[in-house]
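# Observations on the model geometry
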Amino acid sequence: MLYLWTEKGAWLHAKSLNTDEAWDAYEILVDEYYTVKENVVPLSKNQALVTVLRTTADLVENTQAIKQEQYEIRKELSMINEKVDEQITLTSGEQRAVQKEVAIKVYAIEVNTTIQSKLFRELHREIKNRFAVASYKDIRRQDLQNVLNYIRSWVPLKIS
């Protein structure tokens, strides 16, 4: 099957690529569409076919290059997102949620304030050790649910 395009059709097709060059070409088309072209030598069918095929091949090549570039950008963006997820720590509201959960747990276990103090230290120490952080404020955001679940299921060591 063979498709022959008018110049306008080729320009409109190029515009669909949505690149800066395609939009520039479309602006030229709009500016010059109603201008009568002088000294234009009509092409033979074979010349027109060769021109159309070359233009189509260029468009396909450019489209493939754009798709490859988009693929590489998506891949790079994915790697950046993974790195960011590894580095983002808890917000102040999330830190407060951890503090509240620790308090709820400790107060549910013990009423004696002296022992409560020891339990607070023990639970915070275990959270820091288990999640490899210097402070509960350094917990990674992606670990928040695991931390909260850990606190809820936490059982203190022998109270001395």
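Okay, so let's go over this structure. (Residues numbered from 1 in each chain as written. Predicted model: local features only at pLDDT ≥ 70, side-chain atom pairs only at ≥ 80, totals over all residues. Heavy atoms only, no water.)

### A few points about the nonpolar core
- In this structure, Val 98, Val 102, Leu 123, Ile 127, Ile 139, Val 147 and Ile 151 are the most contacted members of the largest nonpolar core, which totals 18 residues.
- Counting only elements with at least two residues in this core, the list comes to helix 4 (92-109), helix 5 (113-130) and helix 6 (144-153).
- Dropping the residues within four chain positions of it, Val 147 is found in contact with Val 98, Ile 127, Phe 131 and Ile 139. (Core = buried A, V, L, I, M, F, W, Y, C linked by side-chain atoms within 4.5 Å. Buried < 20%, exposed > 50% of the residue type's maximum accessible area, 1.4 Å probe, protein only. Helix = DSSP H or I, 4+ residues; strand = E, 2+ residues; numbered from the N terminus. Contact = heavy atoms within 4.5 Å.)

### As for the packing of helix 5 against helix 6
- Contact geometry of helix 5 with helix 6 gives a least axis separation of 11 Å together with a crossing angle of 140 degrees. Judged by the inter-axis angle, helix 5 sits oblique to helix 6. In this structure, the crossing between helix 5 and helix 6 has a hand that is right-handed. Listed contacts from helix 6 to Leu 123, Glu 126, Ile 127 and Arg 130 of helix 5 are Val 147, Tyr 150 and Ile 151.
- Of the residues belonging to the contact of helix 5 with helix 6, the class tally is five nonpolar, no polar and two charged. (Axes fitted to C-alpha atoms, helices over the stretch in contact; angles between N-to-C directions. Parallel < 35°, antiparallel > 145°, perpendicular 65-115°, else oblique. Left-handed = near helix turned anticlockwise from the far one by under 90°. Nonpolar A, V, L, I, M, F, W, Y, C, P; charged D, E, K, R; others polar.)

### So, the packing of aromatic side chains
- On inspection of all chains with the given rule, the structure shows two aromatic pairs.
- With 6.2 Å between their ring centres and 80 degrees between their planes, Phe 131 and Tyr 150 make a pair best called edge-to-face. Pair noted here: Phe 131 is in the loop between helix 5 and helix 6 and Tyr 150 is in helix 6, with a separation of 19 residues, a long-range link.
- Using a relative accessible area of 17% as the deciding quantity, one classes Phe 131 as buried. (Phe/Tyr/Trp six-rings, centres within 6.5 Å; stacked < 30°, edge-to-face > 60°.)

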